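# Fold and contact review
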Amino acid sequence: MISQKMVAAHSSSSSASAEWIACLDKRPEERSGEDVDIILARLKSVKAFEKFHPALLQQICLCGFYECLEKGITLYRQGDIGTNWYAVLSGSLDVKVSETANYQDAVTICTLGIGTAFGESILDNTPRHATIVTREFSELLRIEQREFRTLWENYRQCMAALLVPPYGVMESCPNTDRMPDKETMSNNSSGSSSKHLKKKSFIQSPTKLQSKCIKQVASEKILRAGKVLRNIILSRAPHMIRDRKYHLKSYRQCCMGTELVDWLLQHTSCVHSRVQAVGMWQVLLEEGVLNHVDQEQSFQDKYLFYRFLEDEVEDAPLPNEDEMKESEEELQDTLLLLSQIGPDAHLRMILQKQPGQRTVDDLEIIYEELLHIKALSHLSTTVKRELAGVLIFESHAKAGTYLIRGRKERRGTSS
């Protein structure tokens with residue numbers, strides 16, 4: 001149990017901060033509905049949980065525990081069999097890896113900051129891949145193995161694309177930095193009934209999503225997602241899709257970028273920032289399900305006009321009552337799908353910018369992604385930050401395309 005003295009010494013000065021810690025310090029069976037609400041309000045502001053479904057967040061409030069550790073405390077060592085999963089609420093922790101069995105040889109490969117979640121090896125009892133040591137006083141949310149496995153089984157589709165190993169080492173899945181998907185998930189994605197596919201197997205394995213090039217990412221599902229969102233907008237906010245004028249030029253049946261972002265923030269609790277919403281709309285734009293009226297290649301939260309694919313045809317039919325009802329039923333699954341793959345689309349969008357056009361926030365997003373790439377783990381923080389400013393995105397549609405041959409570089413078809 002966390003003593004009141006520790007809470008007073010290490011939590012923020014406000015009584016509200018101490019209150020949520022006191023709620024987390026209670027045994028799960030002793031937590032009241034009010035306790036859960038207090039914890040939930042705090043966790044919603046933590047980056048590690050900003051994309052979690054509200055039902056999943058509520059379960060975390062019921063089983064999570066608060067941990068506070070002084071500087072220099074070893075949370076666990078490389079090779080240990082883990083018993084807990086963690087998320088960083090405040091402070092930072094160093095990730096140390098040794099190529100020998102001697103801990104003294106361990107070198108720091110990266111630092112985990114606020115919002116980082118780690119410890120997924122408890123799902124299959126594989127040894128810890130690194131030693132974790134507090135860099136400063138740190139506050140953590142801890143979930144024990146049994147409860148975490150239960151959450152994974154019940155909310156697998158929500159968690160699969162969000163749980164990322166903090167140091168880019170995942171022995172059971174060497175070709176991806178994401179958590180590997182389970183057999184049940186792939187089975188759910190193979191149904192032949194189109195109606196069942198829309199409603200029951202809407203979430204695709206994130207590992208598969210990353211392995212395909214942009215124009216091949218679950219096209220059928222993204223097309224359906226675009227149709228669902230168009231139908232819901234026509235139902236709830238039909239004024240958003242209308243003929244518009246700009247500089248004496250008319251644009252038929254289009255939406256404004258800022259309004260689309262506003263709409264997502266107002267109509268779902270799983271979108272917590274404008275940046276997240278931009279990434280979700282970018283998924284549709286990459287697929288051609290949503291298009292800029294002048295064929296801009298990225299979605300922007302600005303006074304720019306975008307048109308759904310169905311509205312490219314003049315006098316596009318309005319959805320009937322059955323289609324509206326079906327879209328309402330599919331809306332939450334649609335938003336969950338887009339929230340899962342939106343961050344990758346947003347990263348691609350940033351990497352397609354010229355280095356000189358990238359903002360400070362853009363560079364930070366690229367840098368955070370580099371922390372999860374095993375091949376770059378030996379590079380210093382300074383070098384990684386320099387790389388963030390010069391990396392360019394390139395994809396190749398055909399396997400076997402030569403990138404370098406002999407002394408000459410050959411560029412494959414890029415998109």
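Residues numbered from 1 in each chain as written. Predicted model: local features only at pLDDT ≥ 70, side-chain atom pairs only at ≥ 80, totals over all residues. Heavy atoms only, no water.

Time to look at the pattern of salt bridges. For side chains of opposite charge, pairing can occur when their charged atoms come near one another. Throughout the structure, instances matching the rule amount to 17 salt bridges. Among the ionic pairs, E286 bridges to R348, the shortest N-O distance being 2.7 Å. On the criterion of sequence distance, the pair formed by E286 in helix α12 (residues 274–287) and R348 in helix α13 (residues 321–351) is long-range, its members being 62 residues apart. Judged by relative accessible area, which is 8%, E286 ranks as buried. Residue classification places R348 among the buried residues on the basis of a relative accessible area of 17%. (Salt bridge = Lys/Arg side-chain N within 4 Å of Asp/Glu carboxyl O. Helix = DSSP H or I, 4+ residues; strand = E, 2+ residues; numbered from the N terminus. Buried < 20%, exposed > 50% of the residue type's maximum accessible area, 1.4 Å probe, protein only.)

Counting through the fold element by element, T131 comes out in strand β7 (residues 131–134). According to the relative accessible area criterion, T131 is buried, its value standing at 2%. A polar side-chain atom of T131 sits 2.8 Å from the main-chain amide nitrogen of Q78. In this view, T131 contacts T74, Y76, R77, Q78, D94, V95, K96 and Y103; residues no more than four positions away in its chain are not counted. (Polar contact = N/O pair within 3.5 Å; in protein donor to acceptor, adjacent residues only side chain to side chain. Contact = heavy atoms within 4.5 Å.)

Let us now look at the nonpolar core. Membership of the largest hydrophobic core comes to 37 residues, with the highest contact counts inside it found for L260, W281, L284 and F299. Residue contributions to this core peak at 8 residues, all from α13. Apart from residues no more than four positions distant in its own chain, L284 is found in contact with I222, A225, G226, L229, V289, L290 and L338. Listed in part, the 31 residues of the second largest apolar core include W20, L40, I143 and L151. (Core = buried A, V, L, I, M, F, W, Y, C linked by side-chain atoms within 4.5 Å.)

Moving on, we get to the packing of helix α11 (residues 257–267) against α12. Two numbers describe how α11 lies on α12: the axes approach to 9 Å, and their chain directions differ by 110°. As the angle between them shows, α11 and α12 are arranged roughly perpendicular. For the pair α11 and α12, the sense of crossing is right-handed. Residues T258, L260, V261, D262, L264 and L265 of α11 touch α12, and the partners they reach there are R274, A277, V278, M280 and W281. For the contact of α11 with α12, the residue count by class is 8 nonpolar, 1 polar and 2 charged. (Axes fitted to C-alpha atoms, helices over the stretch in contact; angles between N-to-C directions. Parallel < 35°, antiparallel > 145°, perpendicular 65-115°, else oblique. Left-handed = near helix turned anticlockwise from the far one by under 90°. Nonpolar A, V, L, I, M, F, W, Y, C, P; charged D, E, K, R; others polar.)

The next point concerns the environment of A316. Here A316 is to be found in the loop between β12 (305–308) and α13. Sequence spacing of A316 and Q253 is 63 residues, and the spatial spacing of their C-alpha atoms is 9.4 Å. Residues in contact with A316, not counting those within four places in the same chain, are R230, E310 and D311.

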